[in-house]
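# Structure at a glance
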Amino acid sequence: MANDTATKLLARVKQRREGLGLTQEAFAEKAGLGYKYYQHVEAGRRRDLRLSTIEKLAQACELKLWELMEVDAPPPLVAEADTSAYGAKPARRSAKKAR
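About the thresholds
- Residues numbered from 1 in each chain as written.
- Predicted model: local features only at pLDDT ≥ 70, side-chain atom pairs only at ≥ 80, totals over all residues.
- Heavy atoms only, no water.
- Core = buried A, V, L, I, M, F, W, Y, C linked by side-chain atoms within 4.5 Å.
- Buried < 20%, exposed > 50% of the residue type's maximum accessible area, 1.4 Å probe, protein only.
- Helix = DSSP H or I, 4+ residues; strand = E, 2+ residues; numbered from the N terminus.
- Contact = heavy atoms within 4.5 Å.
- Polar contact = N/O pair within 3.5 Å; in protein donor to acceptor, adjacent residues only side chain to side chain.
- Phe/Tyr/Trp six-rings, centres within 6.5 Å; stacked < 30°, edge-to-face > 60°.
- pLDDT = per-residue confidence, 0-100.
- Axes fitted to C-alpha atoms, helices over the stretch in contact; angles between N-to-C directions.
- Parallel < 35°, antiparallel > 145°, perpendicular 65-115°, else oblique.
- Nonpolar A, V, L, I, M, F, W, Y, C, P; charged D, E, K, R; others polar.
- Arc of directions from axis to C-beta.

### Considering the nonpolar core
Judged by nonpolar contacts, the single largest core of 21 residues is most densely connected at Val13, Phe27, Tyr38, Leu49, Leu57, Cys61 and Leu68. Taken together, the elements giving at least two residues each to this core come down to helix 1 (3-19), helix 2 (24-31), helix 3 (35-43) and helix 4 (51-60). Not counting residues up to four positions away in its chain, the partners in contact with Phe27 are Val13, Arg17, Leu22, Tyr38, Leu57, Ala60 and Cys61.

Shown next, in the form of structure tokens:
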């Protein structure tokens, strides 16, 4: 992958992971990747990814491969989904005090 494309792709994966409310560990599990391996991927220390790995990342992002690879497009919105099986962080909701 070209350096600029790889950087954009990995930023997109991270943004999507955070949007889903998943930790790196939970996302790696969902993608079927080792936790340490995924940490290296997200940090950019692993840039030569196989197509099968990118497909796993797309699936964990709940995107089709072409949607993930469209790095110059705005990221798709994250629909609220039940991700509790993957150790998702609960959504933070601000409670307004009644007066």
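### Side note on the environment of Glu67
For Glu67, the location among the structural elements is in helix 5 (residues 65-69). Given the relative accessible area of 23%, Glu67 is considered partly exposed. Here the side chain of Glu67 touches Lys64 through a polar contact of 2.8 Å, landing on its backbone nitrogen.

### Description of the packing of aromatic side chains
Throughout the structure, instances matching the rule amount to 1 aromatic pair. Ring plane angle 50° and centroid distance 5.1 Å describe the contact between Phe27 and Tyr38, whose orientation is recorded as tilted. Here Tyr38 lies in helix 3 and Phe27 lies in helix 2, a separation of 11 residues in the sequence. Considered together, Phe27 and Tyr38 belong to a single accessibility category, that of buried residues.

### Some remarks on the confidence of the model for the protein chain
Summing up the model confidence of the protein chain, the mean pLDDT is 82 and the portion of residues at 70 or higher is 73%. The model gives residues 90-95 a pLDDT under 50, and that stretch makes 1 contact with residues more than four places away or in other chains.

### Concerning the packing of helix 1 against helix 3
Closest axis-to-axis distance for the helix 1/helix 3 pair is 8 Å, and the angle between their directions is 120°. Comparing their axes, helix 3 and helix 1 come out oblique. Here Leu10, Val13, Lys14 and Arg17 of helix 1 come into contact with helix 3, specifically with Tyr38, Val41 and Glu42. Per-class residue counts for the contact of helix 1 with helix 3 are 4 nonpolar, no polar and 3 charged.

### Points about helix 4
Those residues of helix 4 lying buried are Thr53, Ile54, Leu57, Ala58 and Ala60. The arc that holds every buried residue of helix 4, seen down its axis, measures 165°, which confines them to one face. Of the exposed residues in helix 4, those oriented more than 90 degrees away from the buried face are Leu51 and Gln59. Its buried side turned inward, helix 4 meets helix 1, helix 2, helix 3 and helix 5.

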